[in-house]
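Residues per chain are reported as follows:
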Amino acid sequence: MHEAAHHFDEHTGEVRVHLQAPDLPGLYREAGRALAELMAPGASCEGGEGATIEVEGRDREALLVALVDELIYRVDTTGQVFPALEIEAADGGRLRARIHGCVPREFKTAVKAATFHDLHVEEGAEGFSARLVLDV
Amino acid sequence: MEPQLEVHVPTPRPHLQRIGSRLYEVGTDFRPDMLVPARVFADEVLAEQMARDRSLDQLVNVSTLRGIVRAAYGMPDMHEGYGFPVGGVAATLLPDGVVSPGGIGFDINCGVRLLTSAIEYAAVVDRIEAVVHELSRSVPAGFGRASKELAFDRAQLDHLLNEGVPYLVTELSIGLPEDLERMESGGRLPWARSEQVTERAKNRGHDQLGTLGGGNHFLEVQVVDEVYDRAAAKALGIEEGRVTLLIHTGSRGLGHQVCTDWLKVMDVVMPHYGIEVPDRQLACVPFSSREGQGYFAAMAAAANFGFGNRHVIAHRARQVFTRILGPRAELHLVYDVAHNTAKVEEHDEGQVCVHRKGATRAFGPSSPEIPKAYRAVGQPVFIPGSMGTASHVLVGTDAAAALSFGSCCHGAGRALSRTASKRQVHGATLRKELEARGIVVRCASNAELAEEAPLAYKDVDRVVDVVHDAGIARKVARLVPVGVVKG
């Protein structure tokens, strides 16, 4: 089975994130972790402020974009990053998660939006994988 | 049963055929879903660079949009974007041709404002560092930086979104009344409706007015290095040896959120209109539809924020210039131009929605839409280079309407990713090199500096020559940097 992991592809003017996880909730969790690492590497939010978020999307791909967009929105409006997510529910086009945030020492990469460009979520024998392009 | 052999047939890549001295094309025979050809303005070197990323594939995708007319155009600085390539132009026939947020981009009305002064650079060389230092202190820059002094309440923000720069001038005494004559659309897109902008977008933008943001945004103090067209330069108020200021920024988090919000809407409703797109980022709906009109009004509101953002920054810059350099250093606005918008325009095909993503208008002298002061020469067009390279001033031509829907490129276009640029360029060394050339640099980190190194961009002089040779816009002047505040 996939271990939860992510890596970034370089590209002109954008960042492409590759995600993998044993299951779909794990994939969404990994997306949050990847975003936080990209924006503020090493930020640890243990015991950080918690909040519950809910997003909608017409399919898995749209749900992934909606989740990442929600996190970007919260970064921009609170100045916090959210590396830790607990996925409470993810079905029927809705996702509910508990997120924990903290203010990082510095931001490394400004991520402004998640795009639908080259977006892909796939289920395979080893679990789930996804590809997501971020506007930076 | 015999095992099935899976044969992977790679998708063919589009190849450019030269059809003019500076014009190349991918014909509609390349793919059956193309409605018009994909055309790019380029020379051999730029065409070869375009083939290295997927910008041509993206332009071919654009050529499939419902209602598109004439061609999907790529400007000489074209490079890969999301959905539309950056440097892409497409016009869709109204009322039912589509409108696509991807054809404008996330940073709605990212654009450029150029101001001139009567100050000779040679007379103030030793004070440029102080100017740049004060600019960096007066204009918040970098990701998430907010404006403590100018956080709008909801009512004020709605006024700005609906009324644009005239609201800032008449109600808040920011900037000068004469600035409005020298802004694209007078600094206001009148079809804006703030109620089509979500609370989320307003939450992101309410305290970001007058801020630079990050990435490739900048303030650049320059000197006019060379004038190519004396008559046009005189009309624009540009003189050799004088100090100028270039501002590059857009609608910040508000614009990004507007694009995000409406892409989501269109992704859901698009099938109801029987529309399929080859790239989901090209999500679109008929312009005349409820969602199409909603997005167009929200986009205009975000565009008004973008105009307002550059206007407030210019206001602060004016204060810095006169404080440091004296009353003769008053900055006069040459023009403010948008490079991520959609507008309804009349062209040969009829009334169309022209999407310009990383592309600007380049209207000629005959256009009633350009400032009266420029009707003898044409609309100013600005093509900034990267840090350390020249920026160019041009004027649009009447011929541009037939060539490119009156459109021109917006910059040099990225050639390298940020990571590749950081790998090849040592930020601290670059800083020293720029400073050794007399360019004062203010940038939060050397890593960010390396991301925006000249090496990361295409050759701006080459890009400008293509535009000039193609007849889209005429070269007027070349400006070189003497100070940079990087976002």
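Quick look at the structure, then. Keep in mind the model is a prediction, meaning the values are calculated, not measured.

### A short note on the sheet that holds strand E13 (residues 350–357) of chain B
All names here are of chain B. An order of E1-E2-E3-E4-E5-E13-E12 is seen for the 7 strands of this open sheet, with the pairing classed as mixed. Looking at which strands have only one partner, the edges of the open sheet turn out to be strand E1 (17–20) and strand E12 (340–347). Along the sheet, successive strands turn relative to each other by an average axial angle of 25°, direction set aside. As paired strands, E12 and E13 are joined by 8 bridges and run antiparallel to one another. Looking at E13, one finds that Glu345 is bridged to Val352.

### Re the pairing of strand E4 (residues 81–91) of chain A
Taken residue by residue, a regular strand's side chains alternate between the two faces of the sheet. All names here are of chain A. Taken together, the 8 bridges between E4 and strand E5 (residues 94–102) define a ladder with antiparallel strand orientation. Following the sheet pairing, Val81 is matched in E5 by Cys102. Here E4 hands over to E5 after 2 residues, with Gly92 in that stretch at a positive phi of 60°.

### Points about the environment of Met75(B)
All names here are of chain B. Of note, Met75 is situated in strand E4 (residues 72–79). For Met75, a relative accessible area of 0% translates into the label buried. Separated by 33 residues in sequence, Met75 and Ala42 place their C-alpha atoms 7.4 Å apart. Contact partners of Met75, with chain neighbours within four places excluded, come to Phe41, Met50, Gly87, Val89, Ala359, Ser404, Ser407, Cys408 and Cys409.

### Details of the packing of aromatic side chains
All names here are of chain B. Under the counting rule described, the total for this entry stands at 6 aromatic pairs over all chains. With 4.9 Å between their ring centres and 10° between their planes, Trp191 and Phe296 make a pair best called stacked. Residue Trp191 is located in the loop between helix H6 (165–172) and helix H7 (199–205), and its partner Phe296 is located in helix H10 (residues 290–325); the two are separated by 105 residues in the primary sequence. Here Trp191 falls in the partly exposed class, since its relative accessible area comes to 26%. Assessed through its relative accessible area of 6%, Phe296 is described here as buried. Here the aromatic rings of Phe287 and Phe296 are separated by 4.8 Å at their centres, their planes lie at 70°, and the arrangement is edge-to-face.

### Examining the side chain of Glu184(B)
The topology assignment puts Glu184(B) in the loop between H6 and H7. A distance of 3.0 Å separates the side chain of Glu184(B) from the backbone nitrogen of Ala338(B), its partner in a polar contact.

### Some details on the packing of helix H9 (residues 252–269) of chain B against H10(B)
All names here are of chain B. Between H9 and H10, the least distance of the axes is 9 Å, while the angle of their chain directions is 170°. By the angle between their axes, H9 is roughly antiparallel relative to H10. Of H10, the residues touching H9 (which contributes Arg252, Leu254, Gly255, Val258, Trp262, Val265, Met266 and Val269) are Glu291, Gly294, Tyr295, Ala298, Met299, Ala302, Phe305 and Asn309. Taken together, the residues of the contact of H9 with H10 break down into 11 nonpolar, 3 polar and 2 charged.

### Brief notes about the environment of Glu276(B)
Residues and elements named next belong to chain B. Among the structural elements, Glu276 can be located in the loop between H9 and strand E10 (285–286). Assessed through its relative accessible area of 76%, Glu276 is described here as exposed. Taking the C-alpha atoms as reference points, Glu276 and Val45, separated by 231 residues in sequence, lie 34 Å from one another.

### Section: the pattern of salt bridges
Residue and element names in this part refer to chain B. Tallying each qualifying case throughout the model produces 43 salt bridges over all chains. Note that Glu291 and Arg290 form a salt bridge whose closest N and O atoms lie 3.6 Å from each other. The exposure class assigned to Arg290 is exposed, which follows from its relative accessible area of 69%. Residue Lys475 pairs with Asp465 through a salt bridge whose shortest N-O separation is 2.8 Å. Here Lys475 is found in strand E19 (residues 473–486), whereas its partner Asp465 is found in helix H15 (residues 460–470), with 10 residues between them in sequence.

### As for the packing of helix H5 (residues 154–163) of chain B against H10(B)
All names here are of chain B. Packing of H5 against H10 brings their axes to within 7 Å, and their N-to-C directions diverge by 100°. If you check the angle between H5 and H10, you find them roughly perpendicular. Two secondary-structure elements touch here, H5 through Leu157, Leu160, Leu161, Asn162 and Glu163 and H10 through Ala300, Ala301, Asn304, Phe305 and Gly308.

### Description of unusual backbone geometry
All names here are of chain B. The omega torsion across Leu94 and Pro95 is 10°, close enough to zero to call that bond cis. Secondary-structure assignment places Pro95 in the loop between strand E5 (86–93) and strand E6 (98–99). Positive phi outside glycine occurs at Asn109, with the angle close to 50°. Mapped onto the fold, Asn109 is located in the loop between E6 and strand E7 (111–120).

### Describing the interface of chain B and chain A
On the side of chain A, 35 residues touch chain B, which itself brings 35 residues to the contact. Interface area for chain B against chain A, summed over the two sides, is near 2,900 Å², with a carbon-plus-sulfur share of 51%. Between Arg204(B) and Asp76(A) there is a salt bridge whose closest N-O contact spans 2.8 Å. For the interface between chain B and chain A, the tally reads 12 residue pairs in polar contact (both at pLDDT 80 or more). Elements with a contribution of two residues or more to the side of chain B that touches chain A: H7, H9 and helix H12 (418–424) of chain B. With 8 residues, H9(B) is the largest single contributor of residues to the side of chain B that touches chain A. Of the residues belonging to the side of chain B that touches chain A, the class tally is 8 nonpolar, 15 polar and 12 charged.

Criteria and cut-off values
Every chain is numbered on its own, with residues counted from 1 as its sequence reads. For naming, the first written chain is A and the first written ligand is 1, with later ones following in the order written. Where totals are concerned, whole chains, interfaces and linings use all residues; where local detail is concerned, this predicted model gives features only for residues with pLDDT of at least 70, and gives and counts side-chain atom pairs only at 80 or more. The basis for every side-chain value is the complete set of heavy atoms in the structure, and neither hydrogens nor water enter the calculation. Note on pairing: DSSP must find at least two bridges between two strands before they are called paired. Only DSSP runs of H or I with at least four residues qualify as helices, and only runs of E with at least two residues qualify as strands; both kinds are numbered from the N terminus onward. Helix axes are fitted only over the stretch in contact, all axes being lines through C-alpha atoms; the angle between N-to-C directions runs from 0 to 180 degrees. Burial classes: relative accessible area under 20% of the type maximum marks a residue as buried, over 50% as exposed, and values in between as partly exposed (1.4 Å probe, protein chains only). It only takes one pair of heavy atoms within 4.5 Å for two residues to be counted as in contact. For Phe, Tyr and Trp, rings pair up if their centres lie within 6.5 Å, where Trp contributes its six-membered ring, and each pair is then called stacked (planes under 30 degrees apart), edge-to-face (over 60) or tilted (otherwise). In protein, a polar contact requires one atom able to donate a hydrogen and another able to accept it; more generally it is a pair of N or O atoms within 3.5 Å, and residues adjacent in sequence count only if both atoms are side-chain atoms. Any angle between 65 and 115 degrees counts as roughly perpendicular, while under 35 counts as roughly parallel, over 145 as roughly antiparallel, and the rest as oblique. As a working rule, the residues Ala, Val, Leu, Ile, Met, Phe, Trp, Tyr, Cys and Pro are called nonpolar, Asp, Glu, Lys and Arg charged, and the rest polar, with Gly in that last group. The salt bridge definition used is simple: a Lys or Arg side-chain nitrogen within 4 Å of an Asp or Glu carboxyl oxygen. By buried area we mean how much accessible surface two parts lose on assembly, using a 1.4 Å probe and totalling the loss over both.

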